[in-house]
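# Topology and contacts: notes
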Amino acid sequence: MLDYPPRSGGCAAIQGQWKALEEIYETKRVRSIAVSNFDAKHLECILGVKGATVPAVNQLLFSVTEGGESLVKKNAQHGINLQAYTPLGGTPPGRASLAKHPVLKQIGKNHQKTAAQVALRWIVQKNATICFSSSNMQHLQENNAIFGAFRLSEAEMVELSTIGRNRVSGEL
């Protein structure tokens, strides 16, 4: 994964690093190659090269309170899956965790789920994937319980989509 576009060197630096990843990919030592924190301008440095391998994933800060509504769709238009990291908020320091958000807690109560499960389910229903981890077995089991019959209604999805839309990160 090419994590964060280089601060200097522009497209040439991105293309050079991507070419190195493509060479590894072509040897079949890895199954896919990806990027992290790439916006439209940075992706164009890769996608604008004829024959370039399209990143399998663009890992971005994406949650109920982070990231623009168009992120998943715009990445998907290029065949790139969006993977949400820090899906429950809480970073950078000082930013509240979504596990305590009153709207998520109320929606969770209606479904016998936690606020964290509501936040994760919102991401899944937005057709993004999730990067989460925990050393707490209960949390891991709760994370897995977002699949199956649990679904958020369209009204709940709309309500959740309005939370924190003042900040847009990684907008394409």
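The text that follows walks through the structure, step by step, so that each part is easy to find. (Residues numbered from 1 in each chain as written. Predicted model: local features only at pLDDT ≥ 70, side-chain atom pairs only at ≥ 80, totals over all residues. Heavy atoms only, no water.)

### Quick word on the packing of helix H5 (residues 115-125) against helix H7 (residues 154-161)
Our working rule: Only the stretch in contact is used when fitting a helix axis, every axis being a line fitted to C-alpha atoms; angles between N-to-C directions are given from 0 to 180 degrees. The helix count covers DSSP runs of H or I at least four residues long, the strand count covers runs of E at least two residues long, and both are numbered beginning at the N terminus. Our angle categories are set so that under 35 degrees counts as roughly parallel, over 145 as roughly antiparallel, 65 to 115 as roughly perpendicular, and the remainder as oblique. Contacts were defined at the residue level, with two residues in contact if any of their heavy atoms lie within 4.5 Å. Side-chain classes follow a simple rule in which Ala, Val, Leu, Ile, Met, Phe, Trp, Tyr, Cys and Pro form the nonpolar group, Asp, Glu, Lys and Arg form the charged group, and the remainder, Gly included, forms the polar group.
Across the interface, H5 lies against H7 with an axial gap of 11 Å and an inter-helix angle of 105 degrees. In terms of axis orientation, H5 runs roughly perpendicular to H7. Packed against H5, whose contacting residues are Val-118, Trp-122 and Gln-125, the element H7 presents Met-157, Leu-160 and Ser-161 at the interface. The residue inventory of the contact of H5 with H7, partitioned by class, reads four nonpolar, two polar and no charged.

### Some words on the environment of Val-54
Within the element layout of this structure, Val-54 appears in the loop between helix H2 (40-47) and strand S3 (57-61). Residues Val-54 and Lys-105, spaced 51 residues apart in sequence, show a C-alpha to C-alpha distance of 38 Å.

### A word on H2
Counted only if it meets this: Buried residues are those whose accessible area, probed at 1.4 Å on protein chains only, stays under 20% of the maximum for their type, while exposed residues exceed 50% and partly exposed ones sit between those limits. Directions pointing from the helix axis toward each C-beta atom define the arc. Each polar contact in these results corresponds to two N or O atoms within 3.5 Å; when the atoms are within protein, one needs to be able to donate a hydrogen and the other to accept it, and residues that are neighboring in sequence are counted only if both atoms are side-chain atoms.
Every buried residue of H2 is accounted for by His-42, Leu-43, Cys-45 and Ile-46. End-on view of H2: buried residues confined to an arc of 145 degrees, all on one side of the axis. Contact partners of the buried residues in H2: helix H1 (10-26), strand S2 (35-36), S3 and helix H3 (71-76). The N-capping residue of H2, defined by a side-chain oxygen 3.1 Å from the backbone nitrogen of Lys-41, is Asp-39.

### Examining the sheet that holds S3
Selection rule: Here, a strand pair is defined by DSSP locating no fewer than two bridges between the strands.
With respect to topology, five strands assemble into an open sheet ordered S1-S2-S3-S4-S5, the strand pairing being parallel. A single partner strand is all that each edge strand has here, and the edge strands are strand S1 (2-3) and strand S5 (129-131). Pairing geometry for S2 and S3, over two bridges, is parallel. Opposite Ser-36, over in S3, you have Gln-59 as the bridge partner.

### Describing a nonpolar patch on the surface
As a reminder, the rule being used: Put simply, a patch holds well-exposed residues, over 30% relative accessible area, that have no salt bridge, with like charges counted together within 9 Å and Val, Leu, Ile, Met, Phe, Trp or Tyr side chains within 5 Å. For the accessible areas, the method is Shrake-Rupley and the probe is 1.4 Å, while residue cover comes only from the protein chains on display. The working definition used for a salt bridge is a side-chain nitrogen of Lys or Arg within 4 Å of a carboxyl oxygen of Asp or Glu.
There is a patch of nonpolar side chains on the surface, built from Ile-24, Tyr-25 and Val-30 and spanning about 200 Å² of accessible area. With respect to the secondary-structure elements, Tyr-25 resides in helix H1. What makes Tyr-25 partly exposed here is its relative accessible area of 31%.

These figures come from the coordinates and say nothing about function on their own.
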